[in-house]
Amino acid sequence: KGCMTGSVTDSTGTAIANPTVTWVGASNMNASVNASIGFGAKAFTGTEVATGNEQGWFTADDIDAGDQVICFSANGYVPVCRTVTFVEAKTTPIPDVPLPTRGTEQTINNIENGGTATDPTTGGQITFGAGDVCESDGTTAVTGSIQCYLTALDPLTELEQAPDTFQAVTAA
């Protein structure tokens, strides 16, 4: 088993009090869980949990050696996940993990028909087609209303904070 230690901050480097750190073996991940992490549409639930202190520092032990998906979260911030390789009987230092401040909550009604959410500050948008939003089983379409958060990230300086599935595109 291995150990980890590190800290969680906001994008300015200020400590985030009491962050939550969850992890699960990368080999135990399935496509639907990866998708929910990648898009931040669903809270990630790992098999193990640690809570940081008031200064954002966390430590955990008894972590299986090998690749683990580690997710860092705190209220009001966008979760960030990383794959980390742990070595038997070693402590793995995790570099500071900056969490972007979560954007304004937007509601899309009748999501089964598709819809668009627009950030009132930046004008950024996310559009879903009919049937594009699924339950965590990956097959059952969500119906009714959903809430989503649009969080602006600068791909030149904040790409590490973007989900693993992030792709930058240029607006037409």
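Being a predicted model, the structure only gives us computed values, none of them experimental. (Residues numbered from 1 in each chain as written. Predicted model: local features only at pLDDT ≥ 70, side-chain atom pairs only at ≥ 80, totals over all residues. Heavy atoms only, no water.)

**Regarding the overall build of the protein chain**
Then, in step 1: Within the protein chain, the secondary structure is distributed over one helix and eleven strands.
Then, in step 2: Shown N-terminal to C-terminal, the secondary structure of the protein chain runs as helices and strands in the order β-β-α-β-β-β-β-β-β-β-β-β.
Then, in step 3: Looking at the 172 residues of the protein chain, the share that counts as buried comes to 34%.
Then, in step 4: Total accessible area on the protein chain is roughly 9900 Å²; 50% of this is exposed by carbon and sulfur atoms. (Helix = DSSP H or I, 4+ residues; strand = E, 2+ residues; numbered from the N terminus. Buried < 20%, exposed > 50% of the residue type's maximum accessible area, 1.4 Å probe, protein only. Areas by Shrake-Rupley, 256 points an atom, 1.4 Å probe, with all protein chains shown as cover.)

**Considering the sheet that holds strand S7 (residues 91–99)**
Then, in step 1: Here we have three strands laid out as an open sheet, ordered S4-S1-S7, and mixed in their pairing. Unpaired on one side and paired on the other, strand S4 (57–63) and S7 mark the two borders of the sheet. Strand-to-strand twist of the sheet, defined as the mean angle between neighbouring strand axes without regard to direction, takes the value 20°.
Then, in step 2: Pairing of strand S1 (residues 2–10) with S4, which is carried by five bridges, proceeds in the antiparallel orientation. Across the sheet, Ser-7 pairs through a bridge with Trp-57, a residue of S4. (Pairing = 2+ DSSP bridges. Axes fitted to C-alpha atoms, helices over the stretch in contact; angles between N-to-C directions.)

**Some remarks on the confidence of the model for the protein chain**
Then, in step 1: When pLDDT is averaged along the protein chain, the result is 79; 76% of the residues meet or exceed 70.
Then, in step 2: Summarising per-element confidence for the protein chain, the mean pLDDT is lowest in helix H1 (residues 31–39) (35) and highest in S1 (93).
Then, in step 3: Every residue in residues 30–45 is under pLDDT 50, and counting partners more than four places away or in other chains gives 21 contacts. (pLDDT = per-residue confidence, 0-100. Contact = heavy atoms within 4.5 Å.)

**Quick notes on the pattern of salt bridges**
Then, in step 1: Throughout the structure, instances matching the rule amount to one salt bridge.
Then, in step 2: Across the pair Asp-64 and Lys-1 runs a salt bridge whose closest N-O atoms are separated by 2.4 Å. One end of the pair, Asp-64, is in the loop between S4 and strand S5 (66–73); the other, Lys-1, is in the segment before S1, and 63 residues separate them in sequence. (Salt bridge = Lys/Arg side-chain N within 4 Å of Asp/Glu carboxyl O.)

**Quick word on the sheet that holds strand S6 (residues 80–86)**
Then, in step 1: Strand order in the open sheet formed by four strands is S3-S2-S5-S6, and the pairing between neighbours is antiparallel. Each of the sheet's edge strands pairs with one partner strand only, and the pair in question is strand S3 (48–51) and S6. Mean inter-strand twist for the sheet, computed between neighbouring axes without regard to direction, equals 25°.
Then, in step 2: Here S5 runs beside S6; their pairing, made up of seven bridges, is antiparallel.

**Quick notes on the state of the cysteines**
Then, in step 1: Scanning the entire structure with this criterion turns up one disulfide.
Then, in step 2: Disulfide pairing is shown between Cys-71 and Cys-81; the S-S distance is 2.1 Å. Of note, the bridge from Cys-71 to Cys-81 carries an S-S torsion of about 110° and is right-handed in sense. One end of the pair, Cys-71, is in strand S5; the other, Cys-81, is in strand S6, and ten residues separate them in sequence. (Disulfide = S-S within 2.5 Å.)

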